[in-house]
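# Per-entry structural report
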Amino acid sequence: MTQRIDAGSELDPVHPMRLPVSARRTNGLTTAEVAERIARGEVNDVPVRSSRSVTEIVRANVFTRFNLIIGVLWVIMLFVAPIQDSLFGFVIIANTGIGIVQEWRAKKTLDGLAVIGEAKPTVRRDGTAAELPTSAIVLDDVIELGPGDKVVVDGTVAEADSLEVDESLLTGEADPVLKQPGDQVMSGSFVVAGGGAFTATKVGREAYAAQLAEEASRFTLVRSELRSGISTILKYVTWMMVPTSIGLIISQLVVKDNNFKDSVARTVGGIVPMIPEGLVLLTSVAFAIGVVRLGRKQCLVQELPAIEGLARVDVVCLDKTGTLTEGGMDVTETRPLNGSDEAYVQRVLGALGASDPRPNASLQAIIDTYPEGGGWQCAGTLPFSSARKYSGAAFTEDDGRASTWLLGAPDVLLSEQDPALTGIEHLNEQGLRVLLLARADGELDAPDVADGAEPTALVVLEQRLRPDAHDTLAYFADQNVAVKVISGDNAVSVGAVAQKLGLAGAEHTLDARRLPTGRDDMATAMEQNAVFGRVTPQQKRDMVAALQSRGHTVAMTGDGVNDVLALKDADIGVSMGSGSEATRAVAQIVLLNNSFATLPSVVAEGRRVIGNITRVATLFLTKTVYSVLLAVLVVCFQVEYPFLPRHLTLLSTLTIGVPAFFLALAPNKERARPNFVRRVMRYAIPSGVIAAAATFATYLVARHYYAGTGALSAETSAATLTLFLVSMWVLAIIARPYTLWRVCLVAAMGLAFLIVLVVPWLQDFFALKLVGAPMPWMAVGIAVVAAAALEFAWRLVSRRFPA
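For the structure given in this document, a descriptive report is provided here. If you're wondering where the values come from, they're calculated on a predicted model, not measured in any experiment. Every chain's residues receive numbers from 1 upward, in the order its sequence appears when written. Given that the model is predicted, a residue must reach a pLDDT of at least 70 before its local features are reported, and side-chain atom pairs must reach 80 or more before they are shown or counted; all residues, however, enter totals for whole chains, interfaces and linings. Think of the side-chain values as coming from all heavy atoms in the structure, minus any hydrogens and water.

### A closer look at the packing of aromatic side chains
Two aromatic rings from Phe, Tyr or Trp, using only the six-membered ring of Trp, form a pair when their centres are within 6.5 Å; if the ring planes differ by under 30 degrees the pair is stacked, by over 60 it is edge-to-face, and anything between is tilted. Summed over all chains, the structure comprises 15 aromatic pairs. With centroids separated by 5.6 Å and ring planes inclined at 70 degrees, the aromatic side chains of tyrosine 475 and phenylalanine 476 adopt a geometry described as edge-to-face. Three or more aromatic residues joined by ring pairs make a cluster, and in this case those are Tyr344, Trp376, Phe395 and Trp405. Criterion for a charge above a ring: Arg CZ or Lys NZ at most 6 Å from the ring centre, at most 35 degrees from the ring normal. Cation over ring: lysine 235 sits above tyrosine 236, and NZ or CZ is 5.7 Å from the ring centre.

Take a look at the structure:
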């Protein structure tokens, strides 16, 4: 596990990693060699897209099943009816245009953020190292590696300094693989410890990861219950439409001996409202606007349904470092043990700091406090590993003596009975982090090097709490989302930090070394405790799986390589923008501003999208249900279809289209619940049945009341009035709980319909004119009865079929 360094070793001027003489620093390609390879096309040109292309966006919004149906009906109407009966076609064009523009805006936001969050490996060329985009890598480039770096192309190890690579995302094997010069590394793997460099042997589409379809082995796409539910609904709607439309066509064109053009217009008027065309559009727009809103807060949503997924989360697993605390630390005290000389301890700590070219936050704090390296010759290093929880180095001191030192967790390096542990618990209870400096007797690369280590000093570190962490934890508590702090640090110390930040249940801490291994027992322990310490990377993964086995939707946040496996398996993985390349690669959401406080915004955005789409879906599907039932009733009673397309275009616009757009973008903090289809249809079906029954009852009464040449127009106007009032009541129910703007929205729609009824030219344009007083009042009375039936039905459904 260690790479010996000879006295003649040299240092990398960019990344001063110690390398043996046998693997001296490779200067990399020259500018001319890079140009030759670019000319031959030997470039890593795999397209990395964070979103659909413009062509795909246009195709997805234009070429839909329902747009095709509506387009054909629109063309027919342009030939057989006045332009006002073709308004539904212009509405579809406007809706499609809105969808394209919103998705294009979202694409621009995503692509811009993706450039910011893109991994930029360090590549050596002409003897110097510089960060380059992955797309700029060419064949035979020399790429440097450090802890957390992702292997972006296939290659051969050229230099290795205790280089350990995790290939679990490709092979499924969780144990890190020690790499030596000449070994192969595959794209998609990542470094967990040590450092080195490799030469690119396969780039572009020849690289291993690029050959995996959509990188399926690296992460699983987020499942969107919202989209799959809408697809299911549309499938059933299509099945209902086909026979109903055929019956309506036969009824209006064959059975009824009417004017051909009028029959065609009324047939189309019966088919068009069956299609919930705006539902898909509104879902896309809601997601797209969510992406834009989050983009303004420097939040990169790598998979759109992740917004929805996070809204369904009921457990959030956090890593303490980088999430609750800031990355930096400060050394508050160095406490010598067993009579050790303090000056000597400081020289050892300084030498340890100088030996590591890529120090973690703890070691960086030691370097800042003891910047002098001591001048000792480093004979070998053991990089820090989350699994080991300690690092080490071997030195040749000034007097020629050899010494081996370990720095890490006291309760890992020492036995539980060791007297050196006395007093550490008190420091941990204050939220301080304690490291143990110990002298080892054995070889640094021996697996039992920590056995019998002699305690030399305690290094006490103070962690910097994130100022926004308290409010974020309070938000999750208010939203009934359980927070589990999972850390590799001492459980008592982590619990003290969590208590300072006001985390509920922070007093319930558990050392993960005592965590049950059985999934069910582990799940019970996870539900009963809030803080877990000394957790290994594999345990983090097991803990996520245990929570999921109990039906929890789990989000995992992290920024280090020890979080990758858990991030990959969690329902939603959230990475900090400053985190390792590996964590950003597997996460669905990347917080580019490194602020944990952004997470509530993502949750709120997801809840807004799902809650509001569930609301407006009820509006759209109520229309589908009453349209299908009206068509069936018309066929059964062998009467003219009561509406022209212009009537239903007006009703759809005022009772569904315009209000749904505003309702879909309104704030909504309700936690997303499962069973989207069931929750929508349990209200849409009774609402649609009541609306259809009330409307057809008014139509039949009007047919007996009116007679003469203008009877059909008067009958249509009365039926339209009833349908509008019933639809408005459905809207009024869905708009609850009322706020000022919601009341104004409903009132504005009612006022708009009233204007149509009283302005003469609008009466002519929409063919709506109420004749006499008794029948219109009868229509209002039927609508009032229907409204009462709606209230009763909604309350009954809420009690009998709770969500």
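Anyway, onward from the coordinates.
### A word on helix α8 (residues 277-295)
For the purposes of this entry, the term helix denotes a DSSP run of H or I that reaches at least four residues, the term strand denotes a run of E that reaches at least two, and both are numbered from the N terminus. Every helix has an expected span of 1.5 Å times one less than the residues it contains. The end-to-end C-alpha distance of α8 is 28 Å, a good match for the 27 Å that 19 residues give at a rise of 1.5 Å each. The buried fraction of α8 amounts to 16 of the 19 residues, a majority that puts the element mostly inside the structure. Relative accessibility under 20% of the residue-type maximum defines a buried residue, over 50% an exposed one, and the middle range a partly exposed one, all with a 1.4 Å probe and only protein chains included.

### Observations regarding the packing of helix α3 (residues 65-80) against helix α7 (residues 260-271)
Lines fitted to C-alpha atoms define the axes here, with helix axes fitted over just the stretch in contact, and angles between the N-to-C directions of these axes take values from 0 to 180 degrees. Taken N-terminus to C-terminus, the directions of α3 and α7 make an angle of 150 degrees; their axes are 10 Å apart at the nearest point. Taken together, the axes of α3 and α7 lie roughly antiparallel to each other. As for how α3 packs across α7, the hand of that crossing is left-handed. Contacts between α3 and α7 pair Leu73, Ile76, Met77, Phe79 and Val80 from the former with Lys261, Val264, Ala265, Val268 and Ile271 from the latter. Residues that form the contact of α3 with α7 fall into these classes: nine nonpolar, no polar and one charged. Comment on the angle field: the value is read as roughly parallel under 35 degrees, roughly antiparallel over 145, roughly perpendicular from 65 to 115, and oblique elsewhere. A crossing counts as left-handed when the near helix is turned anticlockwise from the far one by less than a right angle, and as right-handed when that turn is clockwise. Between two residues, a contact is recorded if the distance between any of their heavy atoms is within 4.5 Å. Polar here means any residue other than Ala, Val, Leu, Ile, Met, Phe, Trp, Tyr, Cys and Pro, which are nonpolar, and Asp, Glu, Lys and Arg, which are charged; Gly is therefore polar.

### Some points on empty space enclosed by the protein
Sizing a probe to match a water molecule and rolling it over the atoms shows the empty space that remains. Lining residues are those with an atom within 4 Å of a point, where the points come from a 1 Å grid over the protein atoms alone and group into cavities, where a 1.4 Å probe fits but cannot get out, or pockets, open sets with protein on both sides within 12 Å along at least five of seven lines. Grid points are joined across faces, edges and corners, and a volume is the space filled by probe spheres set on the points. Tallied over the entire structure, the rule returns two cavities of 30 Å³ or more. Its volume calculated, the largest cavity comes out at about 60 Å³. Around the largest cavity, the lining residues are Leu619, Thr622, Lys623, Tyr626, Thr655, Ile656, Ser727 and Val730. At the level of secondary structure, the elements contributing two or more residues to the lining of the largest cavity comprise α20 (599-637), α21 (645-664) and α23 (711-734). A per-element tally of the lining of the largest cavity places α20 first, with four residues. Counted by class, the lining of the largest cavity contains four nonpolar, three polar and one charged residues.

### Quick look at the sheet that holds strand β10 (residues 299-301)
In spatial order, the strands read β10-β23-β22-β21-β11-β18-β20-β19; together these eight strands make up an open sheet with mixed pairing. Each edge of the open sheet carries a strand with a single partner, namely β10 and β19 (509-511). Adjacent strand axes in the sheet meet at a mean angle of 20 degrees, parallel and antiparallel pairs treated alike. Across the sheet, helix α17 (residues 537-549) is in contact with β11 (315-318), β18 (482-486), β20 (531-533) and β21 (554-558); its angle to β21 comes to roughly 160 degrees. Whether two strands pair depends on DSSP finding at least two bridges between them.

### Considerations on the packing of helix α22 (residues 676-705) against α23
In the contact formed by α22 and α23, the axes pass within 8 Å of each other and the chain directions differ by 155 degrees. What the angle tells us is that α22 and α23 run roughly antiparallel. For α22 against α23, the interelement crossing comes out right-handed. Contacts between α22 and α23 involve Ser687, Ala691, Ala694, Thr695, Thr698, Tyr699, Ala702 and Arg703 from the former and Leu712, Glu715, Ala718, Ala719, Thr722, Leu723, Val726 and Val730 from the latter. Taken together, the residues of the contact of α22 with α23 break down into ten nonpolar, four polar and two charged.

### Observations concerning the side chain of aspartate 85
When you line up the elements, aspartate 85 lands in the loop between α3 and α4 (87-117). Counting of polar contacts relies on pairs of N or O atoms within 3.5 Å, with two restrictions inside protein: one atom must be capable of donating a hydrogen and the other of accepting it, and residues adjacent in sequence are counted only when both atoms are side-chain atoms. Polar contacts involving the side chain of aspartate 85 include one to the side chain of arginine 646, which spans 2.7 Å. In this structure aspartate 85 touches Met77, Leu644, Pro645 and Arg646, once residues within four positions along its chain are discounted.

Fair warning: the whole summary comes from geometry, so function is off the table for now.
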